[in-house]
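Structure at a glance
Listed here are the chains, written in short residue letters.
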Amino acid sequence: MIEEQIRDALQHADAGARPEFGAELEARLAAEYDGVDGMADLVDMTSRRPRRWALATIGIAATLAVLLGVGLFARTSNDGSVTATTTVTRTPKQQAQALAAKLLDDLALPPGAVAAKAPLPVNFGRLDPSTTVRATKAWLVPMSVADADAYLRAHSTSGMKVTATGTIGGGKSFTADLHPLPDGYAAASVDLVLEPAGNATHLTAEARVIWYPPRPLAEHIPARDKVVTATFGSKGSKVFTDAPTVNKLIAQFESSPTALDGVHSCPSLSLHPGMYTLKFAASPSARPDVVVTIVDGGCRGARVRVGAHDAPVLYGYSMLEAVRGFFH
Amino acid sequence: MTDRAGREAFLERYRATQPAVHAYLLRACAGERGRAEDLTQETFSAALVAWCDGRNEQVTLPWLLTVARNKLVDEYRKLDREAQRLPNAPWAREQSHRDDPAHVLECIRALPPMQRAVIALRFVDDLPVAEVARLLHKRAGAIDSLQRRALATLRTMLEENAQ
C-alpha cells in the first residue's frame, strides 16, 4: 500500500516544473555553445590543433575568465528586451562560489598560521543547496585562542562586520558579514571558530554565500502597462494612472528579489496586517497582465501571477512600503 | 556540419530531450525543484561537452537519462557524506496536514540522503536491488535495509499525519 502511494506521488512529482526553466537553460546553453565555438574556431584557425585541444584551451580560458570576474548577466527591461549580455557564462552558483572562496582568501591570518585539514561544511540550518554555497578552510595558529581571536578581530577584512560572537567550551567563535552586499546576494558571511589545540589554536573558517534566484524572463511587467490598481481588504481599491506612481511601482516590482526556498525567520508582527493586491494593466478596463498579492506579515512574500500562470514568489518589502501609504 | 548548424542541431536535441530529462529528475528528487534544475543543467552541460568533442551521436535520451541518474547518485552520496558528520541529521520536515501526493513527496524529501536515493532508484527507475547496490557502492543487503527503513519511516510519518 505504501509502495503504491510512493510510486503514485513520485509519478506526479514533475508537475512542479517551472514552465520557463526550459527556455532559461536553453539560453544559457546557447551562450555556452557560442563561447565554446567561437574560441574553438580561433584555436583551429591559428594552430590546426585537434578539437580536443581546443576544448582544453577553452577550459583554461574559461577558468581565467572566472578568475577575472567576467560573467553572464542577462536582464530584461520593462519593454521585455534583454539589455545587457556578455559572452562568458558564469552561473549564479559559480559567482557565489568565487565570492565564498574570496572571503576565505581575504582573511588576514595570524603570523605562523599553517593550513590544516578542513572539516566538511555541516548543514546545521535548512540551507537550500540551490541558492547557497559554503566553503571551509582550517589552519593551526601558533598562539593561544585569546591571542588569535584578538589578532583576527584587529585585522578584519575590509567590508566585513562582526555580527555575532560566542564561546564554545574553551574556544571562541564569531561571525562576520559582508556589508554592503553586492547586488543579487541575500547573505555573504564567514564563521570563524577557534579551538585550543595544545599550545596552539585550531582555526576553522566557513564562508557561506546565499544568492537570490534569478527572476524568470516572463515575470516582468510589459511596457504597455500604464495603470495600477491597488486593493486592501475592506478599504477598497485605488486606481493610479499618473506616470510617477506607476513607474515607481513598476521599478519596485522589477527590483524585488525572488524569495528564497526553505525556512526563514521573519518578524510576523505588522501594524496593518492583511493582504494588498497590485494589478498592472494597459488601461483601467483592460485585463491585468500581472497581479501581485503581498502579505503584510511574516517574510512579506509577494505572490505573482503573470497572465494565467503563477510566477515565483518575491520578497515584497519595497512594494509593501509604497502600497501601505495608499491606505493608511 | 557548420558551427551554426551544429549549434542549432544541439539546441534541437536539447529541446527534444530536456522535458523528459527534467521530468525524470523532478520525480527522482521527489519534486525538489531547485535540486532538479541544478542536476538538469549539469546533465546538459555534460551533453554540450560531449557534443563539442565530436560525440554528438552519443547524446541521445537514454544516454542523457544515464548521465542524469549518475549525477543524482553523486548528489545523494555527497549529501550523505555531509550528513554523516551530524550528530542528529537535520532532515526534519515541516509539519503538514495534507493528505495528498504532495504530502507524500514532502515526507520523501525529509528522508536521509541514502534512503532518498534508494527510493528514487527503486521507485522511479524501477532498478533491481543489485543495480541500485552497484550505483550506490553498497551491498545488496544494505540496499534492502535502507529501503525497509525508508518505508517504515514514511509509513510512520503518514500515519502520524492521518491522526
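The structure presented is a predicted model; accordingly, all values stated were derived computationally and were not measured.

Calculation notes
- Residue positions within a chain follow its written sequence, with the count starting from 1.
- Chain letters start at A and ligand numbers start at 1, both assigned in the order the entries are written.
- Note on the predicted model: pLDDT of at least 70 is required for a residue's local features to be given, and 80 or more for side-chain atom pairs to be given and counted; whole-chain, interface and lining totals, by contrast, use all residues.
- Excluded from the side-chain calculation are hydrogens and water; included are all heavy atoms of the structure.
- By the criteria applied, helices consist of DSSP H or I runs no shorter than four residues and strands consist of E runs no shorter than two, each listed in order from the N terminus.
- The buried label applies to any residue whose accessible area, calculated with a 1.4 Å probe on protein chains only, is under 20% of its type's maximum; exposed applies above 50%, and partly exposed to all values in between.
- When checking whether two residues touch, look at their non-hydrogen atoms; a contact exists if any pair is within 4.5 Å.
- In short, Shrake-Rupley with a 1.4 Å probe defines the accessible areas, and a residue's cover is counted only from the protein chains shown.
- By nonpolar core we mean a set of buried residues, namely Ala, Val, Leu, Ile, Met, Phe, Trp, Tyr and Cys, connected to one another through side-chain atoms within 4.5 Å.
- At least two bridges found by DSSP between two strands are what make those strands a pair.
- Axes, fitted as lines to C-alpha atoms, cover a helix only where it is in contact. Angles between the N-to-C directions of the axes lie from 0 to 180 degrees.
- Polar contacts, as counted here, are pairs of nitrogen or oxygen atoms within 3.5 Å of one another; within protein the pair requires one atom able to donate a hydrogen and one able to accept it, and residues that are adjacent in sequence qualify only if both atoms are side-chain atoms.
- In the sections that follow, a salt bridge refers to a side-chain nitrogen of Lys or Arg positioned within 4 Å of a carboxyl oxygen of Asp or Glu.
- Multiplying 1.5 Å by the residue count of a helix minus one yields the expected span of that helix.
- Per-residue confidence from the predictor is given as pLDDT, running between 0 and 100.
- Angles below 35 degrees are treated as roughly parallel, those above 145 as roughly antiparallel, those between 65 and 115 as roughly perpendicular, and all remaining angles as oblique.
- By the convention adopted, Pro, Cys, Tyr, Trp, Phe, Met, Ile, Leu, Val and Ala count as nonpolar, Lys, Arg, Asp and Glu as charged, and the other residues, Gly among them, as polar.

What follows is about the overall build of chain B. In terms of regular secondary structure, chain B is built from seven helices and zero strands. Relative to its full complement of 163 residues, chain B shows a buried share of 52%. Within chain B, counting contacts between residues at least 6 apart in sequence, those at least 24 apart form 61% of the total. For chain B, the computed accessible surface area is about 7700 Å², with 48% contributed by carbon and sulfur atoms.

Attention now moves to the nonpolar core. Counting 62 residues, the largest nonpolar core has A:Ile6, A:Leu10, B:Leu72, B:Ile108, B:Ile119, B:Leu136 and B:Leu154 as the members making the most contacts within it. Those residues within four positions of B:Ile119 in sequence are excluded, and the remaining contacts are A:Ile6, A:Leu10, B:Ile108, B:Leu111, B:Val124, B:Ala150, B:Leu151 and B:Leu154. Core analysis: the next-biggest nonpolar cluster, separate from the first, contains 27 residues, A:Leu103, A:Val145, A:Ala176 and A:Ala188 among them.

Think of a sheet as strands paired side by side through backbone hydrogen bonds, with each pair either parallel or antiparallel. All names here are of chain A. Strand order across the open sheet formed by six strands is S1-S2-S6-S5-S4-S3, with antiparallel pairing between neighbours. Both edges of this open sheet fall to strand S1 (114-116) and strand S3 (160-168), since each of them pairs with a single strand only. For this sheet, the mean inter-axis angle between neighbouring strands, taken without regard to orientation, is 25°. Across the sheet, helix H4 (residues 92-105) lies against strand S2 (132-141), S3, strand S4 (171-178), strand S5 (185-197) and strand S6 (200-211), angled at about 155° from S6, the strand it touches most.

Let's shift gears to the side chain of A:Thr245. Residues and elements named next belong to chain A. If you trace the backbone, threonine 245 turns up in helix H6 (residues 243-255). A polar side-chain atom of threonine 245 sits 2.5 Å from a polar atom in the side chain of aspartate 242. Residues contacting threonine 245, with those up to four places away along its chain left out, are Phe240 and Phe326.

Moving on to the pattern of salt bridges. This structure, assessed with the given rule, holds 22 salt bridges over all chains. The shortest N-O distance in the salt bridge between A:Lys93 and B:Asp38 comes to 3.5 Å. You can see A:Lys93 sitting in helix H4 and its partner B:Asp38 sitting in helix H2 (residues 33-52), one on each of two chains. The partner of A:Glu206 in a salt bridge is A:Arg208, with the nearest N and O atoms 3.8 Å apart. For A:Glu206, a relative accessible area of 15% translates into the label buried. Several salt bridges converge on common partners, so that one network encompasses B:Glu32, B:Arg35, B:Glu75, B:Lys78 and B:Arg116.

Take helix H5 (residues 113-124) of chain B next. All names here are of chain B. Taking 1.5 Å per residue, 12 residues should reach 16 Å; H5 reaches 16 Å between its end C-alpha atoms and fits that length. Most of H5 is tucked away, with 11 of its 12 residues classed as buried. By the burial criterion, the buried members of H5 are Pro113, Met114, Gln115, Arg116, Ala117, Val118, Ile119, Ala120, Leu121, Phe123 and Val124. Two residues or fewer past H5, aspartate 126 is found with a positive phi of approximately 55°.

Residues and elements named next belong to chain A. Of the two faces of strand S11 (residues 301-306), only one is covered, namely that formed by Ala302, Val304 and Val306; the face formed by Gly301, Arg303 and Arg305 stays uncovered. Across five bridges, the pairing between strand S10 (residues 290-296) and S11 is antiparallel. By the bridge assignment for S11, threonine 293 is matched with arginine 303. Summarising the sheet, S11 and strand S12 (residues 309-315) pair through five bridges and their orientation is antiparallel. Bridged to valine 306 within S12 is histidine 309. Hairpin connection from S11 to S12: two residues lie between these consecutive antiparallel strands, with glycine 307 at a positive phi of about 60°.

The next subject is the sheet that holds strand S9 (residues 274-281) of chain A. Residue and element names in this part refer to chain A. Strands sit in the order S8-S7-S9-S10-S11-S12 across an open sheet of six strands; the sheet is antiparallel. The sheet is open, and its two edges are formed by strand S8 (237-240) and S12, each paired on a single side. On average, adjacent strands in this sheet sit at an angle of 20° to one another, irrespective of strand direction. Contacting strand S7 (227-232), S8, S9, S10, S11 and S12, H6 runs over the sheet at an angle of about 110° to S9.

This paragraph deals with the environment of B:Val124. All names here are of chain B. Residue placement: valine 124 occurs in helix H5. The exposure class assigned to valine 124 is buried, which follows from its relative accessible area of 13%. The sequence separation of valine 124 and alanine 28 amounts to 96 residues, and the corresponding C-alpha distance is 6.1 Å.

Our next topic: unusual backbone geometry. Geometrically, the link from A:His179 to A:Pro180 is a cis peptide bond, its omega value of 0° lying close to zero. Tracing the backbone through its elements, the reader meets A:Pro180 in the loop between S4 and S5. Phi is positive for B:Asp126, close to 55°, though the residue is something other than glycine. By the element assignment, B:Asp126 lies in the loop between H5 and helix H6 (129-136).

Residues and elements named next belong to chain B. Considering every residue of chain B, the mean pLDDT works out to 84; 85% of them sit at 70 or more. Predicted confidence for residues 86-98 stays below pLDDT 50, and this span has 29 contacts to residues more than four positions away or in other chains. On the interface metric, ipTM, the complex scores 0.85, and its pTM is 0.44.

Two packed helices can be described by the angle between their axes and the distance between those axes. Residues and elements named next belong to chain A. Between H6 and helix H7 (residues 317-327), whose axes approach to 8 Å, the crossing angle comes to 150°. Classified by the angle between their axes, H6 and H7 sit roughly antiparallel to one another. Contacts from Thr245, Leu249, Gln252 and Phe253 of H6 reach H7 at Ser318, Met319, Ala322 and Phe326.

The next subject is the packing of helix H1 (residues 2-11) of chain A against H5(B). Between H1(A) and H5(B), the least distance of the axes is 10 Å, while the angle of their chain directions is 85°. Taken together, the axes of H1(A) and H5(B) lie roughly perpendicular to each other. Residues A:Glu3, A:Ile6, A:Arg7 and A:Leu10 of H1(A) form the contact with H5(B), whose own contacting residues are B:Ile119, B:Arg122, B:Phe123 and B:Val124. Counted by class, the contact of H1(A) with H5(B) contains five nonpolar, no polar and three charged residues.

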